[in-house]
Amino acid sequence: MKKIMFMLSSMNIGGVEKSLISLLSVIPKEKYDVTILLLEKKGAFLEFLPSWVKVKEATWYPKIKPAIMQPPKQTVRDYFKKNQYLKMASFIFYYVLAKLLNDRNTFYKNIFKSIPNDFSTYDIAISYQAPTDIIDFYIANKVRASKKIAWVHFDVTNHLINEKFYNKLYKKLNKIFVVSKEAKKQLIEKVPITRNKSDVFLNIVSPLLITELSKKQVNFDDGFKGIRIVTVGRLSIEKGQDIAIKALSKLIRDGYSVRWYCVGEGSERKEYENLIEQYQLNNDFKLLGATTNPYPYIARSDIYVQPSRHEGFCLTLAEAKCLHKPIVTTNFVGAYEQLTNEHNGLIVGCNEGELYKKIKELIDNPDKRNKLAKNLLNTNVDTTKEVTKLLSYI
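Residues numbered from 1 in each chain as written. Predicted model: local features only at pLDDT ≥ 70, side-chain atom pairs only at ≥ 80, totals over all residues. Heavy atoms only, no water.

## Focus on the overall build of the protein chain
Short version of the rule: For the purposes of this entry, the term helix denotes a DSSP run of H or I that reaches at least four residues, the term strand denotes a run of E that reaches at least two, and both are numbered from the N terminus. The globule rule used for comparison is 2.2 Å times the number of residues to the exponent 0.38, while the radius of gyration itself is calculated over C-alpha atoms. Here's how the labels work: a residue is buried when its accessible area is under 20% of the maximum for its type, exposed when over 50%, partly exposed in between, all with a 1.4 Å probe on protein chains only. Shrake-Rupley sampling with a 1.4 Å probe provides the accessible areas, and residues are treated as covered by the protein chains on show and by no other component.
Per the secondary structure count, the protein chain includes 17 helices and 13 strands. Its C-alpha radius of gyration of 22 Å places the protein chain within 12% of the 21 Å reference for a compact globule of 394 residues. For the protein chain, the proportion of its 394 residues judged to be buried stands at 54%. For the protein chain, the exposed surface amounts to about 18,100 Å²; the carbon and sulfur share of it is 50%.

Quick look at the structure:
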């Protein structure tokens, strides 16, 4: 039985975590011994991990978390308060050296020097949330495995990474999976060492499962008779809900009976609540919070909109395709790989003006909405066979 280890930060509600659950659903449990190592064993998706999968927590993570996650001045102050002057001096030295060399590898070597190696032996160890400094470094330097993989889910041009650091890290890995062709191209430009070891591996999407989950009954503003728009995603700047709020204000100003519903939670909630208040959209732009099953909302919408500033692939867009919703999406990396503009979706520039214009066009033209939805019926969305890329590599 082959042993596989996946490493992530947590199992919070998000596209990366959801894609892992989908991937595990198509891995034959009788052939593979799977371990999930989490920096923090938490998150609503924990309960969706298969019972045959072992879930571990990185007990060493709390020890180094402050030095990595908090501002360096705070770390220095903490060492000083605890009279840990040698640690304080070492931290300052390696932090400054990393800055001068523009290479975080030196800094991480110092941070991780007290962290023990994982002496379990795996056939394959996977940094599933790449590029993430802590996880990538641990897989590259602290895990014993015949093969090592980084699984890149983000557009690295919009993800702050230290290029020297990642060229060194990924030199130690055997394979890099990337979730879209364009994201792979961007990765190679940013981290040239990946050129001959990277392959595209689409996120696993099962239309049958998504359709079944979409049938669950939810209370979804059932008395409203206007146009219902749905967006799914973490409440964050990169997901672009602020653009959606401004686009909706233009639609309401023009007299359209429309409400916009955002499924998801995140750090920008307060900022978006203030923006909703500013545009007087309290009754029209609804923040529904996070749920492990957003599909009933997508299924009951009239239009699905993805206003993201950047994505690696965008799993929620693929899921909306499964439910044959008229789609308007911004032109992030991967959008053109999922949709053919004006055929089975509309792809627009990342600003409220273009978003407003195309949504208005769909509201005004029910026939166009029907055409886009009909064309999605003939679009192949099932990517479950992608798992063979991983299994054959093992």
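This is not the end of the story, as more comes after the structure.
## Some remarks on helix H10 (residues 241–253)
The periodicity of an α-helix, 3.6 residues per turn, causes residues three or four places apart in sequence to face the same way. The criterion, for reference: A helix's residues, less one, multiplied by 1.5 Å, set its expected span.
The end-to-end C-alpha distance of H10, which contains 13 residues, comes to 18 Å, matching closely the 18 Å that a straight helix rising 1.5 Å per residue would cover. For H10, every residue scored as buried is listed here: Gln241, Asp242, Ile243, Ala244, Ile245, Ala247, Leu248, Ser249 and Leu251. The first or second residue beyond H10 is Gly255, which carries a positive phi of 90 degrees.

## Considering the pairing of strand S4 (residues 118–130)
Using the following cut-off: DSSP-based pairing: two strands are paired if at least 2 bridges between them are found. Seen with the strands pointing away from the viewer, any crossover whose path from the first strand over the helix to the second strand runs clockwise is right-handed.
In this structure, strand S1 (residues 2–8) lies alongside S4, joined through 4 bridges in parallel fashion. Across the sheet, the residue bridging to Ile4 is Ile124, located in S4. Relative to strand S5 (residues 143–152), S4 runs parallel, the two sharing 8 bridges. Residue Tyr122 lies in a different strand from S5, and its bridge partner there is Ala145. For the crossover that starts at S4, traverses helix H6 (residues 133–142) and ends in the parallel S5, the hand is right-handed.

## So, the nonpolar core
To keep things clear, this is the line we draw: Buried Ala, Val, Leu, Ile, Met, Phe, Trp, Tyr and Cys residues form a nonpolar core when they are joined through side-chain atoms within 4.5 Å. Only heavy atoms enter the contact rule, under which two residues are in contact if any of them lie within 4.5 Å.
Of all hydrophobic cores here, the largest spans 59 residues; its most connected members are Phe6, Leu23, Trp151 and Leu390. For Leu390, the residues in contact, after removing those within four places along its chain, are Phe6, Leu23, Ile27, Ile124, Ile126, Ile149, Trp151, Phe177 and Phe201. In this structure, Ala130, Val152, Ile161 and Val178 belong to the second largest nonpolar core, which totals 44 residues.

## Let's talk about the pattern of salt bridges
Two side chains of opposite charge can pair, provided their charged atoms sit close to one another. The test is simple: The salt bridge criterion pairs a side-chain nitrogen of Lys or Arg with a carboxyl oxygen of Asp or Glu, the two atoms within 4 Å.
Within this structure, the stated rule accounts for 21 salt bridges. Taking the shortest distance from any N to any O, the salt bridge between Asp103 and Lys168 comes out at 2.5 Å. Highlighted residues: Asp103 in the loop between helix H4 (85–101) and helix H5 (105–112) and Lys168 in helix H7 (residues 163–171), separated in sequence by 65 residues. Of the charged contacts in the structure, one is a salt bridge between Arg309 and Asp242, with a shortest N-O distance of 2.8 Å.

Geometric values such as these leave the question of function open.
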